[in-house]
Amino acid sequence: MSATSKQSAMTADDIRARKGNQPIVSLTAYTTPMARLMDRHCDFVLVGDSLGMVMHGLPSTLGVTMEMMILHGQAVSRGLDHAMLVIDMPFGSYEEGPQQAFRNAARLMAETGAAAVKLEGGVEMAETIRFLVARGIPVMAHIGLTPQSVNTLGGYKVQGRDEQGDLVLADAQAVADAGAFSVVLEKVPQRLADQITAEVSIPTIGIGASAGCDGQILVVDDMLGFFTAFKAKFVKRYADLGDSAEAAIAEYAAEVRAREFPAAEHVFGDQAPKQSTKK
Ligand code: KIV
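Residues numbered from 1 in each chain as written. Predicted model: local features only at pLDDT ≥ 70, side-chain atom pairs only at ≥ 80, totals over all residues. Heavy atoms only, no water.

**Examining the site of the ligand**
The environment of the ligand is made up of Thr 28, Leu 46, Gly 48, Asp 49, Ser 50, Asp 88, Lys 118, His 142, Ile 207, Ile 217 and Val 219. One of the side-chain nitrogen or oxygen atoms of Ser 50 is found 2.5 Å away from an oxygen atom of the ligand. For the ligand, an oxygen atom lies 2.8 Å from a polar atom in the side chain of Lys 118. The protein chains hide 95% of the 260 Å² of surface that the ligand would expose on its own. When the residues that make up the shell around the ligand are grouped by side-chain class, the tally is 4 nonpolar, 4 polar and 3 charged. (Near = heavy atom within 4 Å. Polar contact = N/O pair within 3.5 Å; in protein donor to acceptor, adjacent residues only side chain to side chain. Areas by Shrake-Rupley, 256 points an atom, 1.4 Å probe, with all protein chains shown as cover. Nonpolar A, V, L, I, M, F, W, Y, C, P; charged D, E, K, R; others polar.)

**Observations regarding the packing of helix α4 (residues 66–78) against helix α5 (residues 98–112)**
With their axes 8 Å apart at the nearest point, α4 and α5 run at an angle of 35° to one another. Crossing of α4 over α5 shows right-handed handedness. Contacts from Met 66, Glu 67, Met 69, Ile 70, Gly 73, Gln 74 and Ser 77 in α4 reach Asn 104, Arg 107, Leu 108, Glu 111 and Thr 112 in α5. Each residue belonging to the contact of α4 with α5 can be placed in one class, and the counts come to 4 nonpolar, 5 polar and 3 charged. (Axes fitted to C-alpha atoms, helices over the stretch in contact; angles between N-to-C directions. Helix = DSSP H or I, 4+ residues; strand = E, 2+ residues; numbered from the N terminus. Left-handed = near helix turned anticlockwise from the far one by under 90°. Contact = heavy atoms within 4.5 Å.)

**Considering the domain arrangement of the protein**
One can read the domain layout of the protein as domain 1 (12–225) and domain 2 (236–266). Computed from C-alpha atoms alone, the centre-to-centre distance between domain 1 and domain 2 is 36 Å. Between domain 1 and domain 2, the contact holds 5 residues from the first and 7 residues from the second. Of all residues in domain 1, Met 223, Leu 224 and Gly 225 give up the largest surface area on contact with domain 2, accounting jointly for 79% of the area buried on that side. The interface formed by domain 1 and domain 2 holds 0 salt bridges in total. Scanning the region where domain 1 abuts domain 2 turns up 6 residue pairs in polar contact (both at pLDDT 80 or more). Of the residues contributing to the side of domain 1 that touches domain 2, the split by class is 3 nonpolar, 1 polar and 1 charged. (Domains from an automatic or database assignment. Buried area = accessible area lost by both parts, 1.4 Å probe. Salt bridge = Lys/Arg side-chain N within 4 Å of Asp/Glu carboxyl O.)

Now the structure itself:
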């Protein structure tokens, strides 16, 4: 696929223009069928590096590679016509400096058709964000709980409680000033999320933040009940598809063992069936 030719209906400018307006709807996706299901309902779809845990059984996002992001990014791209495709920069692909970040962001966009990249970090990433934006790469920032820094944050904890709130606010202001078109706020207190939403010029996308954010995002496997290893407080399960899928698999296994499947309607006779003449 000449992925750069992919044109979604939504752009970074459209997302930016939604500041303070109708809430921005977003989910993660990792496959074509799932992307197709959400295309009409979401403003942007994120190929998140959460795919490492959700799709590949990794213990964290740290083992996710550029190749994994590109493979899933291409799959999701094939399922989208309307929603904007945003892709995560994996751990180790941008932190060295602006030039490394540009090289890898450009590769992600060229090989997947993504219209923007997301990267984790606030004040410390402002220079990199400015460099990318000046060279044609729309950037969504991600602050608060940044899972790629789990080893220095001391776990997946709420960020920005008490006096730490000023640091998260400074991060939000730094990424907005650097030219990010929106910012994900993960696992921050509601009051702080509302303050950031009121004070920064770009849309805030909440996950474990506040209904007052300019938009919301969830990991699709969490909200559909496919990923059941654990459930964060901020996840609402809109379905229990994992349970339904396991029940269906158990029923299939029982029918195979009882020789009830395949039944007559699933097997072929020696003669081809007569063609129907009905129009
Ligand atoms: O990787 C991911 O899925 C994310 C979202 C949770 C925002 O970064």
